[in-house]
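# Summary of the model geometry
If you want the building blocks of each chain, they are given just below.
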Amino acid sequence: MKRIYMDYAATTPVDTRVLAAMLPFFNDNFGNPSSLHAFGQEAKRAVEKARDTIAAYIGASPEEIVFTSGGTESDNCAIKGVAYAKKDKGNHIITSSIEHHAVLESCRFLEENGFEVTSVPVDADGLVDPSDVEKAITDRTTLISIMHGNNEIGTMQPVAEIGDIARRRGVVFHTDAVQSFGCPPIDIDGMNVDLLSASGHKIYGPKGVGILYIRKGTRIQPFMHGGGQERGRRASTHNVPGIVGMGKAVELAMADMDQETDRLISLRDRMIRGILENIDDSRLNGHPLRRLPNNVNVSIEYVEGESLLLSLDMEGIACSTGSACTSSNLEPSHVMMAIGLPHETAHGSLRFTLGRYTSEEDIEYVTGILPGIVKRLRAMSPLYKEDRI
Ligand SMILES: *Cc1c(COP(=O)(O)O)cnc(C)c1O
C-alpha cells in the first residue's frame, strides 16, 4: 500500500545526510567536549561548529545559543528561567491562549508558585492583537511569551510588533519558534525577540535536542545544576551526535530555504483548495495568509476528526486531529476552543502538515480520497441526516 506521511508538525524523519553527519560522533569521535585532551577537543569543535551554523542562521552570535534536550526544555528554561531571575522586579507574565503545552504548563507551574499569568485571547483566525498584549502590561510584568507559528492551526503571530512593544516597555520577550524554525527564515533582530526556542526533530534532525537563543544581557535562572556547561546556563554533558545533527539540519534547511518555502506554500494552498472545493460544509482553520507554509487545518462538519483520521490511516495516510499530544483526549484542543469553534466543528478537525518529502502527487492522492471517506462517514451520521431533512 502507498503510505503518505502528512504529520510533519508532530515530528519529521531524520534526513539521511543528517544521520551520516551524526554517526561518527557515537563511536569514532566519542569524546566529552569538556575534556582537555584531543578526544574531547574534537567533539568540542563539532559542537561549536553546529553552534556557529545555528547562530548564523538566526542572526545571533554563537554565545547566545544554548543547547537543550528539545523544544519543551527550551520553553521551560526560558519561562521559568526569566520569571525566577527577575522575581525581585515583578511576578507577572503574559502569554496567549493558543500556546503549546510546554509554555502553558510552565506558566501554570509558575501560577502555582506565586506568579501571576495573563493569557491574551486570539481572534477567529488565531491571531493575537499586539494592543491586547500592550494593555496587559503592568509595572510588575517581567516576561511576555507568544509563539511564532502555531502547531495546530498554523497561524503566525505578529511577533515583531509584540517584541517592539516589549522592548519599549522594558519587558523580556520569548517566542516558541519550534514550528517555524527552518522554514520560513528566522531573524531574531527583525523579530525583536530576547529568547527563542527551537527543536531538532521538527526540522529533519534527531529527537532529544533543541536550542534556546538567549540575547546577550538577558538573565536567566538555570534549572539544570551540575557542571558548568553552556556557560553555566545548562549543565550536563553535551549530546554531541544530537547537536551535530541539529547543526546539519539547519545547514540543509538554509541551503534551499526560499525555494522550499515557496514549494510548500504552493502545495499547501493547492491542498486547501482541493478540500474546500470538493467537500461541502468544510472550513479552513487558522489565518488564510499569515500561516505556516506547511499547515493545512480544516474542519469537516458532521464527522468526527477521530473517525476521519482512522479511515485515512487505513488508506496509509497519516495526519492528526488537533495536536498529537491532545488527540488521545476527548476534549477539543484549547486552540480550537480559543478560536471560538463550536464543539462539534472542533471535533471534525483534521491537521495535515506537509514537508520535505511531500509531492504534488501526494496532495492529489489525499484530496482525491478524502471526499469519499467523508461521504461514507456522513452517511452513518445521524446529525448529518437530521440537518438535511
Ligand atoms: C513540538 C513542539 C514543542 C516541543 O518540542 P520537543 O522537542 O518535542 O520537546 C514545543 N512547541 C511547539 C510549538 C512544538 O510544536
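Bear in mind that the values here come from a model prediction, so they are computed numbers and not experimental data. (Residues numbered from 1 in each chain as written. Predicted model: local features only at pLDDT ≥ 70, side-chain atom pairs only at ≥ 80, totals over all residues. Heavy atoms only, no water.)

### A word on the sheet that holds strand β7 (residues 195–199)
If you trace the 7 strands from one edge of the open sheet to the other, you get β2-β8-β7-β6-β5-β3-β4, paired in mixed fashion. Looking at strand neighbours, the two that pair on one side only are β2 (65–68) and β4 (116–120), the edges of this open sheet. Averaged over neighbouring strand pairs, the angle between their axes works out to 20° when direction is ignored. Two strands pair when backbone bridges link them, and β2 and strand β8 (residues 210–214) are joined in this way by 4 bridges, in the antiparallel orientation. Within the sheet, the bridge partner assigned to T68 lies in β8 and is G210. Contacting β5 (141–145) and β6 (172–176), helix α6 (residues 159–168) crosses the sheet at an angle of about 160° to β6. (Pairing = 2+ DSSP bridges. Helix = DSSP H or I, 4+ residues; strand = E, 2+ residues; numbered from the N terminus. Axes fitted to C-alpha atoms, helices over the stretch in contact; angles between N-to-C directions. Contact = heavy atoms within 4.5 Å.)

### Describing the packing of aromatic side chains
Here the structure, examined in full by the defined rule, presents 6 aromatic pairs. For the ring pair Y57 and F181, a centre distance of 5.0 Å and an interplane angle of 80° mean the geometry is edge-to-face. With Y57 in helix α2 (residues 38–58) and F181 in the loop between β6 and β7, this pair connects stretches of sequence that are 124 residues apart. Since its relative accessible area comes to 3%, F181 is described here as buried. Here Y84 and F115 contribute two aromatic rings whose centre-to-centre distance is 5.2 Å and whose plane-to-plane angle is 75°, an arrangement assigned as edge-to-face. With Y84 in helix α3 (residues 71–85) and F115 in the loop between α4 (101–111) and β4, the pair connects residues that are 31 residues apart, well separated along the chain. Residue Y84 is classed as partly exposed on the basis of its relative accessible area of 27%. The aromatic ring of Y365 is capped on one face by K2, whose charged end is 5.6 Å from the ring centroid. Sitting over the face of the ring of F109, K80 holds its NZ or CZ atom 4.8 Å from the ring centroid. (Phe/Tyr/Trp six-rings, centres within 6.5 Å; stacked < 30°, edge-to-face > 60°. Buried < 20%, exposed > 50% of the residue type's maximum accessible area, 1.4 Å probe, protein only. Lys NZ or Arg CZ within 6 Å of the ring centre and 35° of its normal.)

### Notes on the side chain of R268
Secondary-structure assignment places R268 in helix α8 (residues 257–278). Among the polar contacts made by the side chain of R268, one reaches the side chain of D269 at a distance of 2.9 Å. (Polar contact = N/O pair within 3.5 Å; in protein donor to acceptor, adjacent residues only side chain to side chain.)

### Some remarks on the domain arrangement of the protein
Reports often express the size of an interface as the amount of accessible area lost when the parts come together. By domain assignment, the protein separates into domain 1 (4–12 + 257–388) and domain 2 (16–255). One C-alpha centre belongs to domain 1, the other to domain 2; they are set 28 Å apart. For the pair domain 1 and domain 2, the summed buried area comes to about 2900 Å², and 56% of that belongs to carbon and sulfur atoms. A per-residue breakdown of the area domain 1 buries against domain 2 is headed by M257, L292 and R356, which together make up 26% of the total. Run the count over domain 1 and domain 2 and you get 0 salt bridges. Here domain 1 and domain 2 share 17 residue pairs in polar contact (both at pLDDT 80 or more) between them. Looking at the side of domain 1 that touches domain 2, the elements that each hand over two or more residues are α8, β10 (295–300) and α10 (334–338). The residue inventory of the side of domain 1 that touches domain 2, partitioned by class, reads 14 nonpolar, 14 polar and 5 charged. (Domains from an automatic or database assignment. Buried area = accessible area lost by both parts, 1.4 Å probe. Salt bridge = Lys/Arg side-chain N within 4 Å of Asp/Glu carboxyl O. Nonpolar A, V, L, I, M, F, W, Y, C, P; charged D, E, K, R; others polar.)

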